[in-house]
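# Survey of secondary and tertiary structure
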2 protein chains.
Amino acid sequence: MTVTRADVARYAGVSPAVVSYVVNDGPRPVAAATAAKVREAIEVLGYRPNTTAQALRRGSSRLIGHVVPDLSNPLWAQFALAVDDVAAQRGYDVLLASTDGGAEAEHRRIDTLAARGVDALILTSVLARPDLVDHTRPGVPLVLLNTFFEVPGLPSLGVDAFGGARTGTAHLLAHGHGPVGLVIGGEAGELREQGWRAAARDAGVAAGPIARGEFSRHGGLEAGSRLLGGPDRPRSVFVSSDLQAVGVLRAAAELGLRVPQDLAVVSFDGTVETEFTNPQLTTVRQPVAAMARAAVARVLDPGTGEERQVLPAELVVRASCGC
Amino acid sequence: MTVTRADVARYAGVSPAVVSYVVNDGPRPVAAATAAKVREAIEVLGYRPNTTAQALRRGSSRLIGHVVPDLSNPLWAQFALAVDDVAAQRGYDVLLASTDGGAEAEHRRIDTLAARGVDALILTSVLARPDLVDHTRPGVPLVLLNTFFEVPGLPSLGVDAFGGARTGTAHLLAHGHGPVGLVIGGEAGELREQGWRAAARDAGVAAGPIARGEFSRHGGLEAGSRLLGGPDRPRSVFVSSDLQAVGVLRAAAELGLRVPQDLAVVSFDGTVETEFTNPQLTTVRQPVAAMARAAVARVLDPGTGEERQVLPAELVVRASCGC
DNA sequence: CTGAAAGCGCTTACAG
DNA sequence: CTGAAAGCGCTTACAG
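What counts and how
- Residues numbered from 1 in each chain as written.
- Chains lettered and ligands numbered in written order.
- Predicted model: local features only at pLDDT ≥ 70, side-chain atom pairs only at ≥ 80, totals over all residues.
- Heavy atoms only, no water.
- Axes fitted to C-alpha atoms, helices over the stretch in contact; angles between N-to-C directions.
- Helix = DSSP H or I, 4+ residues; strand = E, 2+ residues; numbered from the N terminus.
- Parallel < 35°, antiparallel > 145°, perpendicular 65-115°, else oblique.
- Left-handed = near helix turned anticlockwise from the far one by under 90°.
- Contact = heavy atoms within 4.5 Å.
- Nonpolar A, V, L, I, M, F, W, Y, C, P; charged D, E, K, R; others polar.
- Buried area = accessible area lost by both parts, 1.4 Å probe.
- Salt bridge = Lys/Arg side-chain N within 4 Å of Asp/Glu carboxyl O.
- Near = heavy atom within 4 Å.
- Polar contact = N/O pair within 3.5 Å; in protein donor to acceptor, adjacent residues only side chain to side chain.
- Pairing = 2+ DSSP bridges.
- Buried < 20%, exposed > 50% of the residue type's maximum accessible area, 1.4 Å probe, protein only.
- Right-handed = clockwise from strand over helix to strand, strands pointing away.
- Least-squares fit on C-alpha atoms with pLDDT ≥ 70 in both.
- Expected span 1.5 Å × (residues − 1).

The name given to chain A in an unreviewed UniProt entry is LacI family transcriptional regulator, with Kineococcus aurantiacus as the source organism.

## Description of the packing of helix H9 (residues 217-229) of chain B against helix H10 (residues 242-254) of chain B
All names here are of chain B. Here H9 crosses H10 at 45°, and the two axes come no closer than 6 Å. By the criterion of interaxial angle, the relationship of H9 to H10 is oblique. Viewed along their axes, H9 and H10 form a crossing whose handedness is right-handed. Residues Arg217, Gly220, Leu221, Gly224, Ser225 and Leu228 of H9 form the contact with H10, whose own contacting residues are Leu243, Gln244, Val246, Gly247, Val248, Arg250, Ala251, Ala252 and Glu254. Along the lines of polarity and charge, the residues of the contact of H9 with H10 split into seven nonpolar, five polar and three charged.

## A closer look at the interface of chain B and chain A
Every contact between the two is made by 44 residues of chain B and, on the other side, 44 residues of chain A. When the two sides are added together, the surface that chain B and chain A hide from each other amounts to roughly 3,900 Å², 54% of it contributed by carbon and sulfur. On the chain B side of the interface with chain A, the three residues burying the most area are Arg116, Arg250 and Phe276 of chain B, jointly 20% of the side's total. With its nearest N and O atoms 2.7 Å apart, the salt bridge here joins Asp84 of chain A to Arg109 of chain B.

## Here we look at the protein's contact with DNA strand C
Taken together, 27 residues sit near DNA strand C, with Thr34 of chain A together with Arg5, Ser20, Tyr21 and Arg57 of chain B positioned nearest. Here, DNA strand C places atoms within 4 Å of the protein, and 53% of those atoms are sugar or phosphate. At 2.9 Å from a phosphate oxygen of DNA strand C is found a main-chain nitrogen or oxygen belonging to Arg5 of chain B. One of the side-chain nitrogen or oxygen atoms of Tyr47 of chain B is found 2.9 Å away from a phosphate oxygen of DNA strand C. At the level of secondary structure, the elements contributing two or more residues to the surface near DNA strand C comprise helix H2 (16-24) and helix H4 (51-58) of chain A together with helix H2 (16-23) and helix H4 (51-58) of chain B. With four residues, H4 of chain B is the largest single contributor of residues to the surface near DNA strand C.

## Notes on the pairing of strand E5 (residues 156-159) of chain B
All names here are of chain B. Pairing of strand E4 (residues 142-145) with E5, which is carried by two bridges, proceeds in the parallel orientation. Each bridged residue has a counterpart across the sheet, and for Leu144 the counterpart in E5 is Ser156. One ladder, built from four bridges, connects E5 with strand E11 (residues 308-311); its direction is parallel. Looking at E11, one finds that Val159 is bridged to Leu311.

## Comments concerning the protein's contact with DNA strand D
Inspection of the region around DNA strand D gives 27 residues, with Arg5, Ser20, Tyr21 and Arg57 of chain A together with Thr34 of chain B positioned closest. When the atoms of DNA strand D within 4 Å of the protein are grouped by moiety, sugar and phosphate amount to 53% of the total. The contact in question runs from a phosphate oxygen of DNA strand D to an N or O atom on the side chain of Ser20 of chain A, over 2.6 Å. Between DNA strand D and Ser15 of chain B there is a distance of 3.0 Å, counted from a phosphate oxygen to a backbone nitrogen or oxygen. Every element with two or more residues in the surface near DNA strand D is listed here: H2 and H4 of chain A together with H2 and H4 of chain B.

## A word on the pairing of strand E2 (residues 93-98) of chain A
Residues and elements named next belong to chain A. Burial analysis of E2 places six of its six residues in the buried class, which makes it a mostly covered element. Burial of E2 is two-sided: the residues Asp93, Leu95 and Ala97 facing one way and the residues Val94, Leu96 and Ser98 facing the other way are all buried. Two strands pair when backbone bridges link them, and strand E1 (residues 63-68) and E2 are joined in this way by six bridges, in the parallel orientation. Paired with Gly65 across the strands is Leu95, a residue of E2. For the segment spanning E1, helix H5 (residues 74-89) and E2, crossover handedness is right-handed.

## Some remarks on the pattern of salt bridges
Residues and elements named next belong to chain B. For the coordinates displayed, the defined rule picks out 30 salt bridges over all chains. With a shortest N-O distance of 3.7 Å, Glu273 and Arg217 are connected by a salt bridge. Of this pair, Glu273 sits in the loop between strand E9 (264-269) and strand E10 (282-285) while Arg217 sits in helix H9; the two residues are 56 residues apart in sequence, bridging distant segments of the chain. Taken individually, Glu273 and Arg217 each receive the classification buried, so the pair is uniform in this respect. Put simply, Arg250 and Glu254 hold a salt bridge, and the shortest N to O gap is 3.2 Å. Taken as a pair, Arg250 and Glu254 lie in helix H10 at a separation of four residues, close to a single helical turn.

## Regarding the relation of the copies chain B and chain A
For the pair chain B and chain A, the relating rotation is 180°, the translation along its axis is 0.1 Å, and the fit reaches an RMSD of 0.2 Å. Accordingly, the operation relating the two chain copies is best matched by a two-fold axis. No C-alpha of chain B approaches the rotation axis more nearly than that of Leu95 of chain B, which lies at 2.7 Å. Looking at chain B, 100% of its interface residues are interface residues in chain A too, so the copies touch through the same face.

## Quick notes on helix H8 (residues 191-203) of chain A
Residues and elements named next belong to chain A. When the terminal C-alpha atoms of H8 are compared, their 18 Å separation across 13 residues agrees well with the 18 Å that a helix rising 1.5 Å per residue should span. Within the sequence span of H8, burial applies to Arg192, Glu193, Gly195, Trp196, Ala198, Ala199 and Ala200. Looking at the buried positions of H8, the neighbouring elements they touch are helix H7 (161-173), strand E6 (180-184), strand E7 (210-212), strand E8 (236-239) and strand E9 (264-269). For H8, the capping residue at the N-terminal end is Glu190, with a side-chain oxygen 2.5 Å from the backbone nitrogen of Arg192. Downstream of H8 by a residue or two, Gly204 has a phi angle that is positive, lying close to 70°.

Given below as C-alpha cells:
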C-alpha cells in the first residue's frame, strides 16, 4: 500500500492535522521540534500527499487542460512543450489532448478535460467556431491560443498574422522577382492572405497566383505542385506554414526547380525544422514561448485585462529567400 | 456551481445511490422507470460525474502517465500521439510529461505522475538506468517503451534495433559503394552499431568510419560534417535516427555533396518527415502504433506474459539510398 | 501550538 | 428494487 497522511501521523506521534500543517506550511503554526519529527517521518516513510484527495478537498486540481489539433505537427508539439514548461514553473501539470483537428473531437476532449476537474483550459486550435462557447465551463477560465483574430465572447491570444505575412512577403518583393505567389491553408481571405495582399499593394506590384492546400506537408506538396507546375509560375512564393513550405520544397525538387535560384520561398511559423531544410527556410517566426507564457498567465491570473492579446512575429532570414 | 450527484438525486426524487447505479449501470439493478427519471435529470441538469471523486473512491484514476524525453522530437511526439490514441480507446486519459532528456528531470516527473495517482506508467525513454527502479511504484504497473535491450527487473518493449540496423546497412552495401559509414548517438557499442557492424561482416566488407553525435538534427549535422569533411569519406552512411539524418543531409548540402549520387543515406525511425526531406529518406521504420498498443496492453492487462517484447522494424525504400 | 471533526463527491457493501 | 451509511485521503474552520 502507498503511505498516507495517517501513517505519517502515527509514526511521528502527532495528529493527522499537524502533518498537513507541516506539508502545507500552514494554515496553523507548528512548533519547530514537532515539525522536525513530522519531516523525518515523511522522509523515512516516503510520504507524498495524494493529489487526488487534495484536488477533491481543495476544489482545485492544479491541472491545466491543453487541447491541440495534432501533436504530429511540430508547431503544435512546440506549443504543447512550451505550455508544459510554463505550467510546471507554476506548479501545474498539463493534461494534453490531441484531437485530429475535428471540431467534434475537440468538443468531446474539452468535455472530458472539464470532467477531470482541470483548473483552466487552453485551446490551441484553428477552430474558433461559435459553438465552442457551449463547451465552455462557467468556473473554468479558458483562452484560445494561436488564433489570428478576435473571437467574440472568448479571450484569445495569437501572433500578428497580418503583419507577419506582410513583412515576409515584402521581404520577398524586395528581391525584385515580381509578383509573389501564395500557398495557403484554411479559409479564403484570412489574415495571412490579407497581409500578403497588402505587401503587394504597398509595393505597387500585382498580387501573384494563389494555391490552397491543407496545413500539412502533403497539402504544401499538392498546392505547390499546382502553383509551380503551370505556365506562369511565380519566381517567389509566400507559404502560410512551415509544414506546407516543406511540401513546397519537395514540389520544387520534383519539378527540377532550384531554391532560391528558380524559386524564392518564405514560410510562416518558425519551427525548428526550418533550420534544417534544404535550403534553410527564411521564415516568419511565432514567439511560441512568449505566447505560452501569456496564455498560462491569462488563464491562471484572474482579471488579466483584455480579451484579445496580439504578439509580434519576427522575420528570420536564411537561405530560401535568396538573400 | 457545477452540478453534483446530489442535485440529480434531488431533481429525480431518488437517493444518491440510485444515481450511481444508473450512471455506472450497477452494481445494483434499477427499475426501468426510475432509471428513466434519473437519466432525464442527468440530461436536464447536464450532470457529469466528478472524475476526481471517482478516482479517490475507486482508487483508480483511469489515467496513464507517459514520460517522453522531448516532445519536439517528432519520434517522441509520434509515440505520445499513438499512446494517447490507444489509451483513449480504452477509456483512459494520458498525463504526458516531457523531460528535456535528463535522468533527474525524468525521475522527478515519474514521482509527480505517481502522486497524481496514475494507474500505470509508460516510460518512452532512452535512459534505462538502474536507479530508475527506485522511482518505481509497487502498485503502479510500468513498461519501458522503446528500449532496444532487456532491462533487468523492468518490463520493456522495443524494436529490433540490431536487425533493423543490419537490414538498413545491408541495403546500402548492396549498392556496391564499399564501406558504409555510421552516424550514431548514445553509448558506444549499442545495438544499432552492432547491427551495422554485423551487416559489414555478413558482406565481407570492412566497417566504415564512425562519427558520434547527439540524437538531434544538430547532432547529425556536426557528426555528419566530421564524417564527410575528411579525406577518406565513405560513399554511403547509415544514420541512427531520422533527426540526425536530417542533419546529415544538411552537412552534405553544405559540403556540396549530392545525395544519393555522392552519398547514399539510410536512416532509422521512419517518422513522417523523412517522406519530405530532399531527397526523400530511405529509412528503417519503427512500428510506432503497434508498439504503443503493446505498451498500453502490457500495463493495463495484468499478467501479459514476458518481461521483454521485441517488434520488427521494416525497411522503407525511397530515394536517399540511390535505388 | 495541537487535535477532533466536518466535508469535498463519489462507490459500494449492507440492510430493508 | 431502493436507501442510509461508511469511507477513499485530504484541508481547514473550530475548540482547546
